[in-house]
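# Descriptive analysis of the structure
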Amino acid sequence: MMDEKQQQSDSERYCYNPSLSWNPLVEEYFINAYGSQHFSRISKALTQPSCYSCIRVNTLNSTSDAVIEKLVVILQEKENSNICSEAALGISESVQHPPKATAQSCPVVKCQLPGLEYVVFVRGSGPHTIEYAYKEDRPLKEVIVSRKCAEAVLRGAQVYVPGVLACSAHVEKGDVVAVSVAVEKRGPDGGWGTGITRGTILQGLQTDPHYFERNGLYIGHGTAMLSRAGIFRVLQGVAVNMSSRVFTLSSFNDVLEGEIFLQNLPSIVTAHVLDPQQGERILDMCAAPGGKTTAIAILMKDKGEVVACDRSHNKVLDIQKLAAEMGLGCITTYKLDALKSVRRKSESKDMTTRCSTEDIVDLNIQNSDSLRSQIETMSSAAPEGLDAYPSGLENTRGFMGLGGLLVHQDCSHLFGLEQAKNGTYTSKAELRKNIRRMKNGVGRSHLAGDRVGKSEGFSPNSFDRVLLDAPCSALGLRPRLFAGEETLESLRNHSKYQRKMFDQAVQLVRPGGVIVYSTCTINPGENEALVRYALDKYKFLALASQHPKVGGPGLVGRYESSDGYIEEWLRPGEEDLVQRFDPSSSLDTIGFFVAKFSVGPKDLSAEENM
């Protein structure tokens, strides 16, 4: 009897059966929107990955059929390589449960949805029951990984060194170790964290960190690629090569670069719904990491202009890298905050004569060795020489001539000229620093390939179509093991931010154009409530039908909280004009929302007051 109880206890502990913990008020809000049972199914689905990988084919470089043939070969080669590696490490066949995916057990198939023939699915499997071979007199050797590391492993990644928090004593390279996850919990100070000091030694006892909290949070086992000491001594590399996983999904890192892009199905649908046409000018307001941007460019057959913006310098570089990898030439990137997408009227005047640091670098320095030498000469000159304009300096239509270099008066502060004119002192060091900025550009790197163009915004009505894939609470992404940090206040703040961005999008699209709005969250306040806001505020906007129509209908109704906050959603008849992707549906996608607006004739007087 004791053995049966022990086996039952072990099966409950050494398994994957997570439960999402929500802020109580947030949970009440979602139950009001979806109903208790439906929201319970959504919460469960969010803890699991989709059981397939979705791949978008770059139809400018390849075809779906060609990609399928290559992927089948790659999957088979990976399978053979893994078998050889495990045999070399002496891992017994009994540990290999469940069997790895092969081209037969995990087939590669073409999407059958109309219009999406360029999408390929690679099927995975799970959840699987893993045998951990636990013995009471010999505790498992195991590692605890961070929640983000575990979510990546559930999607097919290996366990990398930075993700390991704790490890059993005496783990050596080649040992089989179980992998469990420590999920954040609220600390005494009100913050969230695991409370585990990296490098903690596990004894297999109830005194181990998160011992009881890790019940039902074991995600598989694998082979230690480093000893315990090695794991915590190095900074990078694979710590555990996963041999048995709760979910079996193939990894496609660095596979067929330029031919394929791993992307969620709703994101692919969103670019298709925008319906970009060749020769059009299209804006992707929040473009990083560039998946939808490149999808739009490919649908346009690289003919036209796709303007991709993000406020992060590094993320813009990522977009540039992806566009280059896919051989796309119609994409122009800018570092720009979406809340400042519309150029202010004062900035719209004389833009052809305004200059920026990048303009001067490109026009006056990079292409002229003589100008470089003149600047070097100028930088070594005594600063008192700037007290009065030298003979080579003169004003011409807002420009200042400086040793053969034309500098607009708005940029004169870069050379200390404004201070000189006002009688203030500018040091040689500051002059040289400003000149180096002129030559090297601004950003994390001084390499020409790492320069990012900055934009002061765009003129109203200057785009045919605008995609606003808005930053959001991301509560539709899966797998997800933590959701407790979001509050009603934080969800409402997301909504306020998105409305401001949508106001910018409305100004930038021309009459007769299209706006597509999307998020990766299940929160109706960021989805249906945004649609209600848009239709009520802008009478020239109308919901447009979407193709392809893959997702389900939107939510109709309203929500009123105990504090008097009212949220209006869709009205009857509007629900079928949007697409809501439910993670608990048979489509097995992330949670996602798409709305498409057609833009009618604008009221110019009203537009001026936006």
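Residues numbered from 1 in each chain as written. Predicted model: local features only at pLDDT ≥ 70, side-chain atom pairs only at ≥ 80, totals over all residues. Heavy atoms only, no water.

### Quick look at the overall build of the protein
- The helix and strand inventory of the protein stands at 17 helices and 26 strands.
- In the protein, buried positions account for 51% of the 610 residues. (Helix = DSSP H or I, 4+ residues; strand = E, 2+ residues; numbered from the N terminus. Buried < 20%, exposed > 50% of the residue type's maximum accessible area, 1.4 Å probe, protein only.)

### A look at the packing of helix 7 (residues 265–274) against helix 8 (residues 291–299)
- For the pair helix 7 and helix 8, the least separation of the axes is 9 Å and the interaxial angle reads 45 degrees. The orientation of helix 7 with respect to helix 8, classified from their angle, is oblique. With respect to the hand of their crossing, helix 7 and helix 8 are arranged in right-handed fashion. Across from S267, T270, A271, H272 and L274 in helix 7, the residues of helix 8 making contact are K292, A295, I296 and L299.
- Its residues assigned to classes, the contact of helix 7 with helix 8 comprises 5 nonpolar, 3 polar and 1 charged. (Axes fitted to C-alpha atoms, helices over the stretch in contact; angles between N-to-C directions. Parallel < 35°, antiparallel > 145°, perpendicular 65-115°, else oblique. Left-handed = near helix turned anticlockwise from the far one by under 90°. Contact = heavy atoms within 4.5 Å. Nonpolar A, V, L, I, M, F, W, Y, C, P; charged D, E, K, R; others polar.)

### Some words on the sheet that holds strand 1 (residues 52–57)
- The 4 strands lie next to each other as 2-3-1-13, forming an open sheet whose pairing is antiparallel. Bordering the open sheet on either side are strand 2 (108–110) and strand 13 (260–262), each of which pairs with just one other strand. For this sheet, the mean inter-axis angle between neighbouring strands, taken without regard to orientation, is 30 degrees.
- Bridging between strand 2 and strand 3 (residues 119–123) involves 3 bridges; their strand directions are antiparallel. When the sheet's bridge partners are listed, K110 is paired in strand 3 with V120. (Pairing = 2+ DSSP bridges.)

### Things to note about the packing of helix 15 (residues 488–508) against helix 16 (residues 528–537)
- Contact pair helix 15 / helix 16: the axes reach a minimum separation of 11 Å and the direction vectors enclose 40 degrees. In terms of orientation, helix 15 lies oblique with respect to helix 16. As helix 15 packs across helix 16, the resulting crossing turns out to be right-handed. Across the interface between the two elements, Q498, R499, F502 and D503 from helix 15 touch A529, L530, Y533, A534 and K537 from helix 16.

### A closer look at the pattern of salt bridges
- Across all of its chains, the model carries 20 salt bridges by this definition.
- Here E305 ties to R281 by a salt bridge, and the two come within 3.1 Å at their closest N and O atoms. A residue pair is termed long-range when its members are at least 10 positions apart, and E305 in strand 15 (residues 305–310) and R281 in strand 14 (residues 281–284) qualify at 24 residues.
- Relative accessible area serves as the criterion here: at 26%, E305 is assigned to the partly exposed category.
- Residues D464 and R510 are paired through a salt bridge, measuring 2.6 Å at the closest nitrogen-oxygen approach. Of this pair, D464 sits in strand 20 (residues 463–469) while R510 sits in strand 21 (residues 509–519), and the two are 46 residues apart along the sequence.
- A relative accessible area of 18% places D464 in the buried class.
- R510 gets classed as partly exposed once you look at its relative accessible area, which sits at 28%. (Salt bridge = Lys/Arg side-chain N within 4 Å of Asp/Glu carboxyl O.)

### Here we look at the pairing of strand 12 (residues 238–245)
- The element strand 12 is extensively covered by neighbouring structure, given that 6 of its 8 residues are classed as buried.
- The pairing of strand 5 (residues 159–160) with strand 12 spans 2 bridges and is classified as antiparallel. Bridging across to strand 12, Y160 finds its partner in V238.
- Here strand 11 (residues 218–224) pairs with strand 12 via 5 bridges, running antiparallel. Residue A224 lies in a different strand from strand 12, and its bridge partner there is V240.

### Describing the nonpolar core
- Counting 41 residues, the largest nonpolar core has L116, V119, L265, I296 and I331 as its most contacted members.
- Among the secondary structure elements, those contributing two or more residues to this core are strand 1, strand 3, helix 7, helix 8, strand 15, helix 9 (313–325), strand 21 and strand 26 (592–599).
- If we ignore the near neighbours within four places in the chain, the residues touching L116 are C111, L265, I268, V269, H272 and P548.
- Judged by nonpolar contacts, the second largest core, of 36 residues, contains L283, C309, I515 and F593. (Core = buried A, V, L, I, M, F, W, Y, C linked by side-chain atoms within 4.5 Å.)

### Looking at the sheet that holds strand 5
- Across the sheet, which stays open at both edges, the 7 strands sit in the order 5-12-11-7-4-6-10 with mixed pairing between neighbours. Each having just a single partner strand, strand 5 and strand 10 (200–202) make up the two edges of the open sheet.
- Running at roughly 100 degrees to strand 4 (residues 142–146), helix 5 (residues 147–154) makes contact with strand 4, strand 5, strand 7 (176–182), strand 11 and strand 12 of the sheet.

### Quick word on the packing of aromatic side chains
- Scanning the entire structure with this criterion turns up 19 aromatic pairs.
- An aromatic cluster is present here, built from W22, Y29, F30, Y34, F39 and Y559 joined pairwise through their rings.
- Its end group placed over the ring of Y211, R13 keeps NZ or CZ at 3.7 Å from the ring centre.
- One cation-aromatic arrangement involves R492 over Y565; the distance from NZ or CZ to the ring centre is 3.9 Å. (Phe/Tyr/Trp six-rings, centres within 6.5 Å; stacked < 30°, edge-to-face > 60°. Lys NZ or Arg CZ within 6 Å of the ring centre and 35° of its normal.)

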